[in-house]
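Structural characterization, general
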Amino acid sequence: MIFDPFLFHPSTLLLIPAVILTFYAQTKISSAYGRYSKIKSSSGKTGADVARAILDENGLYDVKVEQVAGELSDHYDPRAQAVRLSSGVYGSTSIAALAVAAHETGHAVQHADGYVPLKIRSAFVPVASIGSQIGPVMIILAFFLPSMPFLLTLGIYAFAFAVFFQIVTLPVEFNASNRALVFLEGNGMISGREEVSGARKMLSAAALTYVAAALTAILTLLRFIMIARDR
Ligand SMILES: [Zn+2]
């Protein structure tokens, strides 16, 4: 929360592990990216080549591979049916670029496969984004309006949707990374121990950032519940 009226409530201590894990995950991902964006893959394939090859192998000829501005802005857009890769990934032959490209394309394959956790996640996007905004606002209001304790309860229910979203994101992300590694290795896009372990390190560091986000959401919810019980 930007403004947290309950900052000095003892429940704030609950957030410490989340802060530590978030910091650790960010250090991991930036060091993995820093290292493996400099190591070229021996296959000479670019991020765009890898994305195209995965799509074609799965019969997804209509899904486009596009370049997008920004850094780490890589994503799959299910409405536009496009895998969008940042300029640092699109034309790069680095291990980091291939790992990111294969992971994002993994989401396109999940979409085509009707992968259930992705469907659940997509269905929850609107309600989760409303919940993550409204929940904390209600908690703040509850602080100023102690005569209206239901505000805390409502805030907790709203925020719970956001927590559920973060949790269902985990299988979606892990699965996309598994698909990425199987493809990269199986099709000789990466080869040798160093390349394979580099791609694996990149993807597991990225996965850890999602674990940190989920832990933060869960502990924040527990904290709201502790605050509500106190009142
Ligand atoms: Zn992903």
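Position numbers for residues start from 1 in each chain and track the written sequence from start to end. Given that this is a predicted model, residues contribute local features only at a pLDDT of at least 70 and side-chain atom pairs are listed and counted only at 80 or more, while totals for whole chains, interfaces and linings are drawn from all residues.

Description of the overall build of the chain
Numbering goes from the N terminus for both helices and strands, where a helix is a DSSP run of H or I of at least four residues and a strand is a run of E of at least two. Summing up its helical and strand segments, the chain has 7 helices and 3 strands in all. Principal-axis analysis of the C-alpha atoms gives the chain an extent of 65 × 35 × 25 Å. Buried, partly exposed and exposed are defined by the number of other C-beta atoms within 10 Å of a residue's own C-beta, namely 20 or more, between the two limits, and 12 or fewer respectively, with C-beta atoms placed from the backbone. Considering the chain as a whole, with its 231 residues, one finds that 39% of them fall into the buried category. Here contacts are defined at the residue level, using C-beta atoms placed from the backbone and a cut-off of 7 Å between them. Sequence separation of 24 or more characterises 76% of the internal contacts of the chain that already satisfy a separation of 6 or more.

Overview of the nonpolar core
What tends to happen in soluble globular proteins is that the nonpolar side chains get buried as a cluster. Counting residues in each nonpolar core, the largest one holds 59 residues, and the members touching the most others are Leu98, Ala99, Ala101, Ala102, Leu184, Ala199 and Met202. At the level of elements, helix 1 (16–36), helix 2 (47–57), strand 3 (82–86), helix 3 (87–90), helix 4 (95–113), helix 5 (116–144), helix 6 (150–186) and helix 7 (193–230) are the ones that each hand at least two residues to this core. Counting residues per element, this core draws most heavily on helix 6, at 15 residues. A set of buried residues qualifies as a nonpolar core if it consists of Ala, Val, Leu, Ile, Met, Phe, Trp, Tyr and Cys joined through C-beta atoms within 7 Å.

Overview of the pairing of strand 3
Extensive coverage of strand 3 is indicated by the burial of 4 of its 5 residues. Any two strands between which DSSP finds at least two bridges are classified as paired. In this sheet, strand 3 lies alongside strand 1 (residues 64–68) in parallel orientation, the contact comprising 5 bridges. Along strand 3, the bridge assignment pairs Lys64 with Ala82. Here 3 bridges tie strand 2 (residues 75–77) to strand 3, and the two strands are oriented antiparallel to one another. Directly across from Tyr76, in strand 3, lies its bridge partner Val83. In this structure, the hairpin formed by strand 2 and strand 3 is closed by a connection of 4 residues, where Gln81 is found at a positive phi of approximately 50°.

Thoughts on the environment of Gly88
With respect to the helices and strands, Gly88 occurs in helix 3. Judged by the 19 C-beta atoms lying within 10 Å of it, Gly88 is partly exposed. The spatial distance from the C-alpha of Gly88 to the C-alpha of Ala102 is 14 Å, given a sequence separation of 14 residues. Setting aside its immediate chain neighbours within four residues, Gly88 contacts Glu71 and Ala97.

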